[in-house]
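A structural walkthrough
Spelled out from the first residue to the last, the chains are:
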Amino acid sequence: MGHLLSKNGNRGNRLKKRKRKLLKRKKRNCFLQGPCMLCFIVHGNSGSLGNGNGGGGVGEDDDAQRSEVVSGSGSGSERLAALSSPDDCAKFLLSPRELAIWEGLSAVPARLVVPRALFRATPACEYAEMVCKRKCADVRRCAPCKQPRCCALQEVMENGGGAGAGGARDTAAAAAHRQLPLCPLPSSSSSSSSSSSSSSSSSTSEGVCGTGPLTDSGESPGSTGSTTAATPRSSSPSCHQDHAHGDAQPGENSADNSSINHLPSSILLKVFSHLSVKERCLSVSLVCKYWRDLCLDFQFWKQIDLSGLQQVTDELLVKIASWKLNVTEINLSDCRNVQDHGVCVLASHCPGLLKYTAYRCKQLSDLSLATAAAHCPLLQKAHVGNQDKLTDDALKKLGQCCPELRDIHLGQCYLISDVGMEALAQGCPKLQRIYMQENKLVTDRSVRAFAEHCPELQFVGFMGCSVTSLGVIHLTRLKNLSSLDLRHISELDNETVMEVVKQCRSLSSLNLCLNWSINDRCVEIIAKEGRSLKELYLVSCKITDYALIAIGKYSSTIETVDAGWCKEITDQGATQIAKSSKSLRYLGLMRCDKVNEETVERLVQQYPHIVFSTVIQDCKRTLERAYQMGWNPNSSSAS
């Protein structure tokens with residue numbers, strides 16, 4: 001018995017809790033909650049909203065009136081037929097008590113008047129379809145649109161926005177709401193809705209939640225069949241998807257057709273080919289995915305020039321290697337953040353590499369060049385100047401693995417000696433260009449090795465190396481030699497130079513700067529014997545006006561003569577060579593202090609086809625180029 005009493009007692013407590021929950025739910029049903037509540041009033045099974053303690057204070061009289069409206073009989077149906085404005089529709093469903101509260105809303109703060117602006121010019125017969133849409137179980141999900149705050153709506157809220165404020169205020173509120181870009185409601189798939197209600201729901205959803213402003217007739221301006229024409233797109237992703245599925249008008253299609261992305265990919269690739277790697281990577285590839293894919297085309301990554309980019313690291317080189325783009329040329333000059341690991345990974349994935357350039361990469365060692373030689377047997381060019389850590393071991397690896405090597409630059413690699421150079425010369429018989437600079441450990445042995453094992457050499461440079469005339473004389477074997485750089489050779493005599501010019505009939509460029517042993521007699525023989533010579537550099541040599549006069553008298557091929565810093569050159573030598581030479585196009589007279597500037601000005605006027613290089617003349621040419629490029633001295637001084 002006690003058990004039964006306790007059980008009934010618990011049951012009574014549960015019933016009380018349910019009643020409290022129902023009361024709380026009914027208290028929320030306030031008519032101030034907007035159109036959803038009004039639709040619930042019309043289509044609710046019971047007309048009651050709550051007790052006297054509810055949010056709107058609705059009583060039994062209100063229930064009777066609403067039931068009369070729903071049944072469509074009596075004076076309610078007559079009042080329903082007489083509705084003609086949004087205000088009438090809004091007041092029609094209110095009881096006298098609610099209407100009194102509605103009329104007194106002018107004293108309510110603006111934040112409570114938001115539902116007033118949500119009433120639309122929608123007939124009462126269409127509320128049913130709206131409710132069915134919201135309660136339909138088959139409605140597809142639509143991401144909520146972010147609705148911007150309308151200026152007109154904000155003004156209405158600040159001014160009170162009630163019905164008692166006048167018709168102008170109501171008109172502003174209605175206009176403000178019609179400007180809200182809302183996401184369209186999804187169409188209902190419920191089987192209970194009829195064809196007529198479906199058509200009305202279509203127009204209702206487009207009028208209520210359309211993406212464009214509505215006119216008084218409920219249609220968007222200029223629309224003929226689709227109500228979403230010429231409207232600003234919402235920020236909702238779902239709205240973008242709806243427009244993408246064919247809702248756009250012909251005007252939008254024509255705009256899309258004019259996009260650059262409609263061009264053939266071959267044309268875009270041709271356009272992108274005129275850009276640098278930096279511009280393609282840091283600008284073009286960030287526009288869209290399509291452009292990013294085009295920037296990854298293999299033709300752009302055959303020749304990779306990353307010189308001077310400090311952002312280049314080993315991670316980037318590893319990523320490039322992972323693309324397997326069959327790189328044939330890579331330039332890493334001045335990339336100080338690249339280490340041996342990145343170069344090794346890239347070289348191991350690029351067996352077709354032909355050209356490897358890494359000037360001034362002092363952090364790299366033998367490992368980088370040796371790995372490139374081991375994995376790239378077709379390597380033809382290796383420019384690794386100014387690498388302090390490079391030794392003979394890397395050159396030996398090149399000689400063993402790269403028989404196709406044709407061009408090598410090893411300037412200012414101070415640890416390289418004759419051992420590595422001899423191994424390179426023996427293993428690379430197809431060498432055509434070899435350049436050394438300030439390599440003090442390279443002597444006559446290296447020159448002799450190249451002259452014996454590399455008969456195809458065309459360009460040879462040993463500037464500042466420990467080379468003498470005993471080694472230079474071996475270059476007479478090179479019948480294809482076209483360019484010879486012998487600057488700053490400490491022990492170079494005139495007889496050796498003259499013999500080289502006589503034997504190498506294809507020699508077109510000879511650089512003898514900084515050699516005080518070169519005199520007028522040597523220059524005269526060079527002018528007579530150099531049948532193919534076009535460039536002759538004699539800066540800081542021991543020559544006088546006689547050398548310039550001999551060049552103008554005996555040579556018919558020399559086009560460039562640089563006699564700068566030759567203190568014995570005077571006006572006579574400059575005038576005679578300009579007058580007698582038929583092939584001269586450039587005469588360097590920089591810091592020839594015995595040549596007057598007035599004489600040079602006269603020569604410039606008499607021989608406009610010759611470029612005379614002095615301090616004054618070079619400054620004038622620089623200013624002319626600056627003016628041609630748009631430089632303005634006034635703007636420069638002002639800044």
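Basis of the calculations
Residues numbered from 1 in each chain as written. Predicted model: local features only at pLDDT ≥ 70, side-chain atom pairs only at ≥ 80, totals over all residues. Heavy atoms only, no water. Helix = DSSP H or I, 4+ residues; strand = E, 2+ residues; numbered from the N terminus. Buried < 20%, exposed > 50% of the residue type's maximum accessible area, 1.4 Å probe, protein only. Polar contact = N/O pair within 3.5 Å; in protein donor to acceptor, adjacent residues only side chain to side chain. Contact = heavy atoms within 4.5 Å. pLDDT = per-residue confidence, 0-100. Core = buried A, V, L, I, M, F, W, Y, C linked by side-chain atoms within 4.5 Å. Pairing = 2+ DSSP bridges. Patch = residues over 30% accessible without salt bridge, like charges linked within 9 Å, V, L, I, M, F, W, Y side chains within 5 Å. Areas by Shrake-Rupley, 256 points an atom, 1.4 Å probe, with all protein chains shown as cover. Salt bridge = Lys/Arg side-chain N within 4 Å of Asp/Glu carboxyl O. Arc of directions from axis to C-beta. Axes fitted to C-alpha atoms, helices over the stretch in contact; angles between N-to-C directions. Parallel < 35°, antiparallel > 145°, perpendicular 65-115°, else oblique. Nonpolar A, V, L, I, M, F, W, Y, C, P; charged D, E, K, R; others polar. Right-handed = clockwise from strand over helix to strand, strands pointing away. Phe/Tyr/Trp six-rings, centres within 6.5 Å; stacked < 30°, edge-to-face > 60°. Lys NZ or Arg CZ within 6 Å of the ring centre and 35° of its normal.

Our focus in this paragraph is the overall build of the protein chain. Within the protein chain one finds 29 helices and 13 strands. The proportion of buried residues among the 639 residues of the protein chain is 42%.

Counting through the fold element by element, Asn 439 comes out in the loop between β6 (433-437) and α21 (444-453). Among the polar contacts listed, one links the side chain of Asn 439 to the backbone nitrogen of Gln 437, at a separation of 2.8 Å. With residues near it in sequence (within four places) discarded, Asn 439 still touches Leu 410, Gly 411, Gln 412, Cys 413, Cys 465 and Ser 466.

Looking at the protein chain, the pLDDT average stands at 74 and 59% of residues meet or exceed 70. Contacts of residues 1-7 to residues separated by more than four positions or lying in other chains number zero contacts, the stretch itself having pLDDT below 50. Counting interchain partners and residues more than four positions distant, the pLDDT-below-50 stretch residues 26-35 has 21 contacts.

Right, let's get into the nonpolar core. Judged by nonpolar contacts, the single largest core of 114 residues is most densely connected at Leu 306, Tyr 356, Leu 410, Phe 450 and Leu 510. Not counting the four nearest positions on each side in its chain, Leu 306 is found in contact with Val 277, Val 312, Leu 317, Ile 320, Ile 330, Asn 331, Leu 332, Ser 333 and Cys 335.

This part is about the pairing of β6. For a regular strand, side chains alternate in direction, first toward one face of the sheet and then toward the other. Two elements, strand β5 (residues 407-409) and β6, share three bridges in a ladder whose sense is parallel. Paired with Ile 408 across the two strands is Ile 434, which belongs to β6. Where β6 lies against strand β7 (residues 459-463), five bridges are found, and the strand directions are parallel. Counterpart to Ile 434 in the pairing with β7 is Val 460.

The next point concerns unusual backbone geometry. Despite not being glycine, Asn 386 has its phi angle at roughly 65°, a positive value. In this fold, Asn 386 is placed in the loop between β4 (381-383) and α19 (392-401). Taking relative accessible area as the criterion, Asn 386 reaches 14% and is therefore assigned buried.

Taken together, the side chains of Ile 260, Leu 263, Ile 267 and Val 271 present a nonpolar region at the surface, about 310 Å² in accessible area. Mapped onto the secondary structure, Ile 267 falls in helix α13 (residues 265-272).

Those residues of helix α16 (residues 314-323) lying buried are Asp 314, Leu 317, Ile 320 and Ala 321. Projected onto a plane normal to the axis of α16, the buried residues spread over an arc of 120° and lie on a single side. Of the surrounding elements, those touching the buried residues of α16 are β1 (303-305) and α17 (340-348).

Moving on: the packing of helix α23 (residues 494-503) against helix α24 (residues 520-529). One way to put it is that α23 packs onto α24 with a least axis distance of 9 Å and a crossing angle of 5°. Considered as vectors, α23 and α24 are oriented roughly parallel to each other. Residues Asn 494, Glu 495, Val 497, Met 498, Val 501 and Lys 502 of α23 form the contact with α24, whose own contacting residues are Arg 521, Cys 522, Ile 525, Ile 526 and Glu 529. When the residues that make up the contact of α23 with α24 are grouped by side-chain class, the tally is six nonpolar, one polar and four charged.

This part is about the environment of Lys 479. You can see Lys 479 is positioned in the loop between α22 (469-472) and β8 (483-485). Relative accessible area serves as the criterion here: at 47%, Lys 479 is assigned to the partly exposed category. For the pair formed by Lys 479 and Gln 503, sequence separation is 24 residues and the distance between their alpha carbons is 7.5 Å. If we ignore the near neighbours within four places in the chain, the residues touching Lys 479 are Gln 503 and Ser 506.

If you walk through the whole model with that rule in mind, you get 19 salt bridges. Of the charged contacts, one joins Asp 593 and Lys 567 as a salt bridge, the two residues approaching to 3.6 Å between their closest N and O atoms. One end of the pair, Asp 593, is in the loop between β12 (586-588) and α27 (597-606); the other, Lys 567, is in the loop between β11 (560-562) and α26 (571-580), and 26 residues separate them in sequence. Asp 593 gets classed as partly exposed once you look at its relative accessible area, which sits at 49%. Residue classification places Lys 567 among the partly exposed positions, given a relative accessible area of 38%. A single salt-bridge network, built from bridges that share partners, covers Lys 289, Arg 292 and Asp 293.

Okay, α21 next. Buried residues of α21: Asp 444, Ser 446, Val 447, Ala 449, Phe 450 and Ala 451, and no others. Where α21 is buried, its residues touch α20 (418-427), β6, β7 and α22.

Moving on, we come to the pairing of β7. Of all the five residues making up β7, five are buried; the element is thus mostly covered by neighbouring parts of the structure. A two-sided burial pattern is seen for β7, the buried positions comprising Phe 459, Gly 461 and Met 463 on one face and Val 460 and Phe 462 on the other. For the crossover from β6 across α21 to β7, the handedness is right-handed. For β7 and β8, the ladder comprises three bridges, and the chain directions are parallel. Across the sheet, Gly 461 pairs through a bridge with Asp 485, a residue of β8.

Relative to the helices and strands, Ile 473 is located in the loop between α22 and β8. By relative accessible area, which is 30% here, Ile 473 ends up partly exposed. For the pair Ile 473 and Asp 444, spaced 29 residues apart in sequence, the C-alpha to C-alpha distance is 9.7 Å. For Ile 473, the contacting residues outside a window of four places in its chain are Thr 496 and Glu 499.

Scanning the model with the defined rule gives three aromatic pairs in all. Centroid distance Phe 272 to Trp 291: 5.3 Å. Interplanar angle 65°. Geometry classified as edge-to-face. Here Phe 272, found in helix α13, pairs with Trp 291, found in helix α15 (residues 289-295); they are 19 residues apart in sequence, far enough to count as distant. The exposure classification of Phe 272 matches that of Trp 291, with both residues buried. Ring geometry for Tyr 435 against Phe 459: centres 6.3 Å apart, planes inclined by 35°, an arrangement best described as tilted. Of this pair, Tyr 435 sits in strand β6 while Phe 459 sits in strand β7, and the two are 24 residues apart along the sequence. With a relative accessible area of 11%, Tyr 435 lands in the buried category. When the ring centre of Phe 459 is taken as reference, the NZ or CZ atom of Arg 433 above it lies at 4.3 Å.

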